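Chain and residue survey
Listed below, chain by chain, are the residues.
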Amino acid sequence: MDLRPLFGGSYTDLRVLVTGHTGFKGSWLCLWLQQMGAQITGLALPADTTPSHWGLLQLDGVRNLEVDLRDSAALRAAIDAEQPHMVFHLAAQPLVRRSYRDPVGTFATNVTGLVNLFEAVRGCASVRALVNATTDKVYLDQTTEDGYHEQHPLGGHDPYSTSKACAELVSECYRKSFFSGVGQSQPRVATARAGNVIGGGDWSEDRLVPDLVRSAMAGAPLRVRNPHAVRPWQHVLEPLSGYLRLGQALLAGERAEGPWNFGPATDATMPVAGLVARMRELWPGVRDEPCNDSHPHEAATLRLDCGKAARELGWHPVWNATQTVERTIGWYRAFHEGNTVLSHSDLSAYVADARAAKLDWATSP
């Protein structure tokens, strides 16, 4: 399947910098960009899990730079050398429980690291657009049946969500102060707030799906905390299609600056216990038991209103809850039972389903 025409061919031969490319979401994004013919530079610390999705993909032609966002001089030198046209910023300390253990490191990476990136971009005339991936957890915790929309107030309880709310404010500050469109060389900046991402290739600590997979392989039940917590579960390819559509709009000069939500189909917003039950149906080795230990605060309910992305970008989720869980469990079972990596076939299937749904980004002009 030729993926170069996707998103109006915007990424063919485009110089793209992906920060955090060795992570779960970043590695999937690099796979997709490579299939569309982009010239990719990845900038990140080494993958911190073994195995890692990035290591398994073995993507030829992706330039790999080991740079810490907190090192402003090294970051500036790397961007000056690469002269990217487009930046997708995914590098972060992304784990809630780790943020409680290391709040200083979390804020240093997620806030100061972002400031360092913007300063480097300010000095690089080649950059035309930047998408900063934050999280659905940037919103002030409050009850909303219809889901958070982009104008809801920002907030945060734990260091991770607070750092990402700060990252939203930093992005808006730089957009208004330095990237306001004055002069042709000013890049366009947007932020992308995605739901709880699942899919093959994630081995991070303290994440539900990787923890369930590890427990299934060990033949032991997982002690599940917060089984009644409601989350917008989505396959990793869903927010990435949103990021890529947003990048296309920014590159084309559309009015797409500012914040955007990218969430799942309605039936994929469900309690933790509901996701576990669906996984158990597909992999009998998945077992769980209640966890009565005390644990840090996490929001009880997270729902996203993605009406803005639907109206203004023509973006819609592709896979429902059943497809999302089937693809996720299928990936892990293929890897653990046959050492097979299904990422390429999952991407092809996702694009085929998007084309069948006649989504604009997936159809040729």
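In the block above lies the structure referred to throughout.
Residues numbered from 1 in each chain as written. Predicted model: local features only at pLDDT ≥ 70, side-chain atom pairs only at ≥ 80, totals over all residues. Heavy atoms only, no water.

We now examine helix α7 (residues 208-218). Of all 11 residues in α7, eight are buried; the element is thus mostly enclosed. Of the positions making up α7, those classed as buried are Leu 208, Val 209, Pro 210, Asp 211, Leu 212, Val 213, Ser 215 and Ala 216. Looking at the packing, one finds that the buried side of α7 touches β7 (196-198), β8 (222-224), β9 (230-235), α9 (272-282) and α11 (321-338). The positive-phi residue at the C-terminal boundary of α7 is Gly 219, with phi of around 70°. (Buried < 20%, exposed > 50% of the residue type's maximum accessible area, 1.4 Å probe, protein only. Helix = DSSP H or I, 4+ residues; strand = E, 2+ residues; numbered from the N terminus. Contact = heavy atoms within 4.5 Å.)

Let's shift gears to the nonpolar core. Formed by 88 residues in total, the largest nonpolar core has its most connected members in Tyr 11, Trp 32, Leu 33, Phe 88, Leu 246 and Trp 361. Here this core gets eight residues from one element, more than from any other, and that element is helix α8 (residues 237-251). Those residues in contact with Phe 88 that sit more than four places away from it in its chain are Tyr 11, Val 16, Leu 17, Val 18, Thr 19, Leu 29, Leu 33, Val 131, Tyr 243 and Leu 244. By size, the runner-up hydrophobic cluster in this structure holds 24 residues, among which are Val 67, Leu 69, Ala 78 and Ile 79. (Core = buried A, V, L, I, M, F, W, Y, C linked by side-chain atoms within 4.5 Å.)

Next up on the list: the sheet that holds β7. The mixed open sheet is built from three strands, whose spatial order is β7-β9-β11. At either end of the open sheet lies a strand with only one pairing partner, and these are β7 and β11 (269-271). Taken pair by pair, the neighbouring strands of this sheet meet at an average axis angle of 45°, ignoring direction. Direction of pairing for β9 relative to β11: antiparallel, over a ladder of three bridges. (Pairing = 2+ DSSP bridges. Axes fitted to C-alpha atoms, helices over the stretch in contact; angles between N-to-C directions.)

With that out of the way, let us pick up the packing of α7 against α11. Across the interface, α7 lies against α11 with an axial gap of 12 Å and an inter-helix angle of 40°. Considered as vectors, α7 and α11 are oriented oblique to each other. In terms of crossing hand, the pair formed by α7 and α11 is right-handed. For the pair α7 and α11, contact is made by Val 209, Pro 210, Val 213 and Met 217 and by Thr 328, Tyr 332 and His 336, respectively. (Parallel < 35°, antiparallel > 145°, perpendicular 65-115°, else oblique. Left-handed = near helix turned anticlockwise from the far one by under 90°.)

This part covers the pattern of salt bridges. Opposite charge on two side chains permits them to pair, given that their charged atoms come into close proximity. One pass over the structure, following the stated rule, counts 19 salt bridges. In this structure, Arg 327 and Asp 346 form a salt bridge, with 3.0 Å as the shortest nitrogen-oxygen distance. Remark: Asp 346 occurs in helix α12 (residues 343-356) and Arg 327 occurs in helix α11; sequence separation between them is 19 residues. Judged by its relative accessible area of 31%, Arg 327 is partly exposed. Since its relative accessible area comes to 1%, Asp 346 is described here as buried. Overlapping salt bridges, with partners in common, bring together Asp 48, Arg 98, Arg 101 and Glu 205 in one network. (Salt bridge = Lys/Arg side-chain N within 4 Å of Asp/Glu carboxyl O.)

Turning our eyes to something else, we now look at the pairing of strand β4 (residues 86-89). Burial of β4 is two-sided: the residues Met 86 and Phe 88 facing one way and the residues Val 87 and His 89 facing the other way are all buried. Bridge analysis of strand β1 (residues 15-19) against β4 gives four bridges, and the strand direction is parallel. Residue pairing across strands places Leu 17 opposite Val 87, the latter belonging to β4. Here four bridges tie β4 to strand β5 (residues 129-133), and the two strands are oriented parallel to one another.

Moving on to unusual backbone geometry. In this model, Thr 50 is joined to Pro 51 through a cis peptide bond whose omega is 0°. Residue placement: Pro 51 occurs in the loop between β2 (39-44) and α2 (53-57). Of note, the phi angle at Asp 206 is positive, near 55°, even though the residue is not glycine. Following the sequence through the fold, Asp 206 ends up in the loop between β7 and α7. Classification of Asp 206 as partly exposed rests on a relative accessible area of 26%. The backbone phi angle of Asn 339 is positive, close to 55°, even though this residue is not glycine. Secondary-structure assignment places Asn 339 in the loop between α11 and α12. Taking the relative accessible area as the measure of exposure, Asn 339 reaches 61% and is therefore exposed.

Counting buried residues along β9, six of its six residues qualify, which places the element largely inside the surrounding structure. Neither face of β9 is open: one carries Val 230, Pro 232 and Gln 234, the other Arg 231, Trp 233 and His 235, and all of them are buried. Where β7 and β9 come together, three bridges link them in parallel fashion. Residue pairing for β9: Val 197 is matched across the bridge by Gln 234.

Further remarks concern the sheet that holds β5. Ordered in space as β3-β2-β1-β4-β5-β6-β10, the seven strands form an open sheet in which the pairing is parallel. If you trace the sheet from one side to the other, it starts and ends with β3 (63-66) and β10 (258-262), each paired once. Taken pair by pair, the neighbouring strands of this sheet meet at an average axis angle of 20°, ignoring direction. The sheet contact formed by β2 and β3 spans four bridges and is parallel. The partner of Leu 43 across the bridge, within β3, is Leu 65.

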